[in-house]
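# Structural features, examined
Here is how the chains run, residue by residue.
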Amino acid sequence: MSVHHLFILFVALILTGCAKTVPDTSHTAEPQLNHTAHAKVNKTSNEAIPSKAKILEPTKVDDVWQRIALQLRFAPSQHPSVQKRVAWYLQHPNYMDEISKRAGPFLHYIVNEVERRGLPIELALMPLIESDFDTSAYSHKHASGLWQLTPLIAKHYGIKIGPWYDGRQDVIDATNAALDFLSYLHKRFDDNWYHAIAAYNIGEGRIARAISNNIKHGKSSDFFHLKLPKQTRHYVPKLLAAATLLRQKKMKFPPIKNQAVITVLPLKNGVILNDVQAWQSLEHLNPGYTRFPALLDGPRHIVIDKKQASQWQSYVAQQPSMPSKQWQQYAIKPGDSLSVIAQQYSLSVAQLKAFNQLKNARIIAGKTLLLPILADKKIDYSVKSGDSLWRIARTFNVTVSKLKQWNNLSRETLQIGKTLTVFLAPL
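A quick note: this is a predicted structure, and the numbers were derived from the prediction, not measured.

## As for helix α4 (residues 95-103)
- Those residues of α4 that sit buried are Tyr 95, Met 96, Ile 99, Ser 100 and Ala 103. All buried residues of α4 project into a common sector of 120° when viewed along the axis, lining one side.
- The elements touched by buried residues of α4 are α2 (64-69), α3 (80-91), α5 (107-116) and α6 (126-131).

Pasting the structure below:
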């Protein structure tokens, strides 16, 4: 072999020895943001470049689901648990029909709030994972509403929970509190969204301990490697699977118009609706009020179908007098005060003032106060053999969701002999 050939062989061996193996990142489990979703791709000279590429603006498309799909930020995941959930969704093609029906009035509002805060649009899908977009959903851990907020978290973020109003079921209050909580968790877990979302489900202490334990034993701390309860292990994959279906258009999401359906109007005082039938849609849009048609002790707003906004404003302006025949009356005695009367009937002074449209706490002996308690309308019903929530609701002309709400029921199974509270609507 010539010197020239030996030199070529020597150089080839050196180059081979210096070659590096490219690491396999196809199974990266961290919540990487997908920065290439809308990036411009360089074309070779042999590829045709469209003269006018059509770029869809999320706010201008016709469907809210499409608006979400255009803004997905989490990188696609091929993790087996995600793909298993994708398969589940595909095996239940009618699932999204009910979801879209329930989400119809609220999804546009939720998407707007997520966008306004600059948060990942995937968070707008969390009510799908939490409650199937059921405003009356109630869990065995006492979490309630679209976002399944617990009493502790709800009160921490300023939500009112009382006998007349539960803000966890109000889309405005609950969405605001849930997004505040998620934003806090995101910072708490060093900007890792998977950890934050998992902590929303199981609690920040549990996630922090799981991360610390993995680090202590030299293991990866990404979500898919953490030792967590089954429910939480499946929680993040459910969200990622829903995003995958939207991104890849693998499943039909019945369209929801990409326009505001509801409007939020101020409510200065408590209101008793004297025409229940005319305002039936209010109960659906304002499930936080537990004793409909009494809108008492709630927030300073009410959710209205946009088409009824002017009608509602006219109604409130007239502020009809309270329908005294439907409510308990109290004759004020010498020495009485609102605080004494409120304590006697397990009410608050604010409730008494709202119900009687009082501007101050001054009352006069001999006058009559209306108490926010239905006169002879509260029923204690003992569950009998063969009863179901549906049958009891039908008997008393109330809804199953209200029965569950009044009695803090997380499931529809009843125990014979259990006493249920039923509030009958005024005639």
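More follows now that the structure is in view.
## With respect to the pattern of salt bridges
- Applying the stated criterion to the full structure yields seven salt bridges.
- When the shortest N-O distance is used, the salt bridge between Asp 180 and Arg 117 registers 2.8 Å. Note that Asp 180 is positioned in helix α8 (residues 171-188) and Arg 117 in the loop between α5 and α6, a separation of 63 residues in sequence.
- The class of Asp 180 is partly exposed, set by a relative accessible area of 27%.

## Quick look at α5
- Taking burial as the measure, the ten residues of α5 include seven buried ones, the bulk of the element.
- Of all the positions in α5, only Leu 107, His 108, Tyr 109, Ile 110, Val 111, Glu 113 and Val 114 are classed as buried.
- Close packing links the buried residues of α5 with α2, α4, α6, α8 and β1 (262-266).
- A positive phi of about 70° marks Gly 118, the residue just after α5.

## Quick word on the confidence of the model for the protein
- For the protein, per-residue confidence averages 82 on the pLDDT scale, and 82% of positions sit at 70 or higher.
- In this model residues 2-29 is a low-confidence stretch, pLDDT under 50, and it forms four contacts with partners more than four residues away in sequence or in other chains.
- For residues 35-51, every residue scores under 50 in pLDDT, and the model assigns this stretch three contacts once sequence neighbours within four places are set aside.

## Concerning empty space enclosed by the protein
- Counted according to the given criterion, the structure contains two cavities of 30 Å³ or more.
- Approximately 40 Å³ is the volume attributed to the largest cavity.
- Considering the residues around the largest cavity, the lining is formed by Phe 74, Ala 75, Pro 76, Ser 77, Glu 122, Leu 240, Ala 243, Thr 244 and Arg 247.
- Of the residues contributing to the lining of the largest cavity, the split by class is five nonpolar, two polar and two charged.

## Re the packing of aromatic side chains
- Applying the stated criterion across every chain yields a total of twelve aromatic pairs.
- Considering the side-chain rings of Trp 88 and Tyr 95, the 5.4 Å spacing of their centres and the 80° angle between planes classify their relative orientation as edge-to-face.
- Seen in terms of ring centroids, Phe 181 and Tyr 200 are 5.6 Å apart; in terms of plane orientation they differ by 40°. Their pairing is tilted. With Phe 181 in helix α8 and Tyr 200 in helix α9 (residues 193-202), the pair connects residues that are 19 residues apart, well separated along the chain. The pair formed by Phe 181 and Tyr 200 is uniform in burial state, with each residue classed as buried.
- Connected via pairs of aromatic rings, a cluster forms that spans Phe 74, Tyr 194, Phe 223 and Phe 224.
- The ring of Trp 88 has Arg 85 lying over it, and the distance from NZ or CZ to the ring centre is 4.1 Å.
- Against the face of Tyr 89 rests Arg 85, its NZ or CZ located 4.8 Å from the ring centre.

## What to know about the side chain of Asp 336
- Relative to the elements of secondary structure, Asp 336 occurs in the loop between β5 (327-331) and α14 (338-344).
- Lys 333 provides the closest opposite charge to the buried, unpaired Asp 336, separated from it by 4.1 Å.
- Separated by 2.9 Å, the side chain of Asp 336 and the backbone nitrogen of Lys 333 make a polar contact.
- Among all residues touching Asp 336, those that are not within four sequence positions of it are Tyr 330, Ala 331, Ile 341 and Ile 363.

## Topic: the packing of α5 against α8
- Following both chains from N to C, one finds α5 and α8 inclined at 35°, their axes separated by 11 Å at the closest point. Between α5 and α8 lies a crossing of right-handed hand. Together, Tyr 109, Ile 110, Glu 113 and Val 114 of α5 and Val 171, Ile 172, Thr 175 and Leu 179 of α8 make up the contact between the two elements.
- Of the residues assigned to the contact of α5 with α8, the class counts are six nonpolar, one polar and one charged.

Procedures and definitions
Residues numbered from 1 in each chain as written. Predicted model: local features only at pLDDT ≥ 70, side-chain atom pairs only at ≥ 80, totals over all residues. Heavy atoms only, no water. Buried < 20%, exposed > 50% of the residue type's maximum accessible area, 1.4 Å probe, protein only. Helix = DSSP H or I, 4+ residues; strand = E, 2+ residues; numbered from the N terminus. Arc of directions from axis to C-beta. Contact = heavy atoms within 4.5 Å. Salt bridge = Lys/Arg side-chain N within 4 Å of Asp/Glu carboxyl O. pLDDT = per-residue confidence, 0-100. 1 Å grid on protein atoms, 1.4 Å probe; cavity = no way out; pocket = protein on both sides within 12 Å on 5 of 7 lines; lining within 4 Å. Points joined across faces, edges and corners; volume = space filled by probe spheres on them. Nonpolar A, V, L, I, M, F, W, Y, C, P; charged D, E, K, R; others polar. Phe/Tyr/Trp six-rings, centres within 6.5 Å; stacked < 30°, edge-to-face > 60°. Lys NZ or Arg CZ within 6 Å of the ring centre and 35° of its normal. Lys, Arg positive; Asp, Glu negative; His and termini not counted. Polar contact = N/O pair within 3.5 Å; in protein donor to acceptor, adjacent residues only side chain to side chain. Axes fitted to C-alpha atoms, helices over the stretch in contact; angles between N-to-C directions. Left-handed = near helix turned anticlockwise from the far one by under 90°.

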